[in-house]
Amino acid sequence: MPAITPDDTLSLPVVPEPDPQASTDRPVLSVATAPAGYEGEGFPVRRAFAGVPQHLLDPFIHMDQMGEVEYAPGEARGTAWHPHRGFETVTYMIDGTFQHQDSTGGGGLITNGDTQWMTAGSGLLHIERPPDDLVASGGLFHGVQLWVNLPAADKFVDPRYQDIRGGQVKLLRSPDGGAVLRLIAGTLDGYEGPGVTHTPITYVHATVAPGARLVVPWSPDFNALVYVLAGRGTVGAAGRPVHTGQLAALGDGGHLTLTADATQDRHTPNLEVLLLGGRPIREPVAQYGPFVMNTRAELAQAVEDFQAGRMGHIPAERR
């Protein structure tokens, strides 16, 4: 980890540190440790948002860190066909390969730094699985799936797929080159990521070298979350400790601060984090499994539509 790393970090565009006289550092409101579990047909995940109040997550709904796991031949697993409605899934594959397909004909193969952005909108059926060759050979599997809520006005937009290749991600760096930032979606200090969003968000994968500090500007009207994929460090000006599998929710301010511990694990040479933020939707959230709506009545309608086949059908070749 990570899959997309520049050969020459110092050649990347710089995200300058904000002026501390003109910008306030975001304080840490809470740190939560993700419980481990299993998804789909049995692949291991960390439930990154478990136990975190929804008002701190808004506009995000759910996030799983999938792996990191080294599969033996025949062990790799995915999900069965299942429905979605009312939100977007963003699958970022750090290592390994994942195959997606849906009932509208969307989908594809993502691997080593690729991202697949699926807008479920009005509803579809969907499957995620490792390809047959990975199942046969085994190998490393590590990724993240984030659910981004849609506002009521966009709950029934037509489904859409975006395939974002690793090479399309905007690569940036801190002034001293101690941190590399991969901007997947949204804007950061005027730079834009390739992901096209219904709900305004910023999505960054940052690698911070041991002992290095990262200070990045952050939109004041966005929330701010820091999830540790691997390694150890601190968040905020007060230096709140965080480690692998922990999520820090931050308060108001114009920038956020991270520092990597000077010594990291042998398996994890750097601090690896996801920086997430979005403009809160501030609407009621009603969720039932793979449906995210605004009311219980809309959930009941989603279940009825799924059972009646109104969200599409499994393609004949994949039944």
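The structure presented is a predicted model; accordingly, all values stated were derived computationally and were not measured. (Residues numbered from 1 in each chain as written. Predicted model: local features only at pLDDT ≥ 70, side-chain atom pairs only at ≥ 80, totals over all residues. Heavy atoms only, no water.)

Visitor: Would you explain the overall build of the protein chain in this entry?
Guide: Secondary structure assignment for the protein chain yields three helices and 26 strands. For 319 residues, the compact-globule estimate of 2.2 N^0.38 gives 20 Å, and the protein chain sits close to it at 19 Å. Its C-alpha atoms give the protein chain principal-axis dimensions of roughly 60 × 45 × 35 Å. Here the protein chain, with 319 residues, has 56% of them falling under the buried criterion. A separation threshold of at least 6 residues defines the contact pool for the protein chain, and within that pool the share at least 24 residues apart is 74%. Of the charged side chains in the protein chain, 22 are positive and 35 negative, and the gap between their average positions amounts to 3 Å. (Helix = DSSP H or I, 4+ residues; strand = E, 2+ residues; numbered from the N terminus. Rg over C-alpha atoms; globule rule 2.2 N^0.38 Å. Buried < 20%, exposed > 50% of the residue type's maximum accessible area, 1.4 Å probe, protein only. Contact = heavy atoms within 4.5 Å. Lys, Arg positive; Asp, Glu negative; His and termini not counted. Charge placed at Lys NZ, Arg CZ, Asp CG, Glu CD.)

Visitor: How should I be thinking about the sheet that holds strand β21 (residues 240-243) in this particular structure?
Guide: Adjacent strands of a sheet form backbone hydrogen bonds with each other and so pair up, either parallel or antiparallel. Taken in spatial order, the four strands line up as β18-β23-β20-β21 in an open sheet, and their pairing is antiparallel. The strands lining the two open edges of the sheet, one partner per strand, are β18 (213-217) and β21. Across this sheet, the average inter-strand angle for adjacent strands is 25 degrees, counted without regard to direction. Inspection of the sheet shows strand β20 (residues 232-235) paired to strand β23 (residues 255-260) by three bridges, in the antiparallel sense. Each bridged residue has a counterpart across the sheet, and for G233 the counterpart in β23 is A260. (Pairing = 2+ DSSP bridges. Axes fitted to C-alpha atoms, helices over the stretch in contact; angles between N-to-C directions.)

Visitor: Honestly, helix α3 (residues 296-307) in this entry has me stumped. Any pointers?
Guide: Each full turn of the α-helix corresponds to 3.6 residues, which orients residues three or four apart in the same direction. In this model, α3 (12 residues) spans 17 Å end to end at C-alpha, consistent with the 16 Å of a helix rising 1.5 Å per residue. When α3 is considered as a whole, its buried residues turn out to be L299, A302 and D305. Angularly, the buried residues of α3 cover 125 degrees about the axis, an arc narrow enough to put them on a single face. Pointing more than 90 degrees away from the buried face of α3 are the exposed residues R296, A297 and Q307. Taken together, the buried residues of α3 touch β25 (286-288) and β26 (291-293). (Expected span 1.5 Å × (residues − 1). Arc of directions from axis to C-beta.)

Visitor: When you look at the sheet that holds strand β1 (residues 28-33) in this model, what are you seeing that I'm missing?
Guide: Pairing within the open sheet is antiparallel, and its seven strands lie in the order β1-β22-β19-β24-β17-β14-β13. The open sheet has two edge strands with one neighbour each: β1 and β13 (170-173). Ignoring which end each strand starts from, the neighbouring axes of this sheet average 20 degrees apart.

Visitor: What exactly am I supposed to notice about unusual backbone geometry here?
Guide: Cis geometry is adopted by the peptide bond preceding P59, which originates at D58 and carries an omega value of 20 degrees. You can see P59 is positioned in the loop between α1 (54-57) and β4 (60-71). Note that the residue after G67, namely E68, is joined by a cis bond; omega there is 10 degrees. Relative to the assigned elements, E68 resides in strand β4. With phi around 45 degrees, N112 is a residue other than glycine that occupies positive phi space. Relative to the elements of secondary structure, N112 occurs in the loop between β8 (107-111) and β9 (115-119). Phi at D189 takes a positive value of approximately 55 degrees, unusual for a residue other than glycine. With respect to the helices, strands and loops of the structure, D189 is situated in the loop between β15 (187-188) and β16 (191-192).

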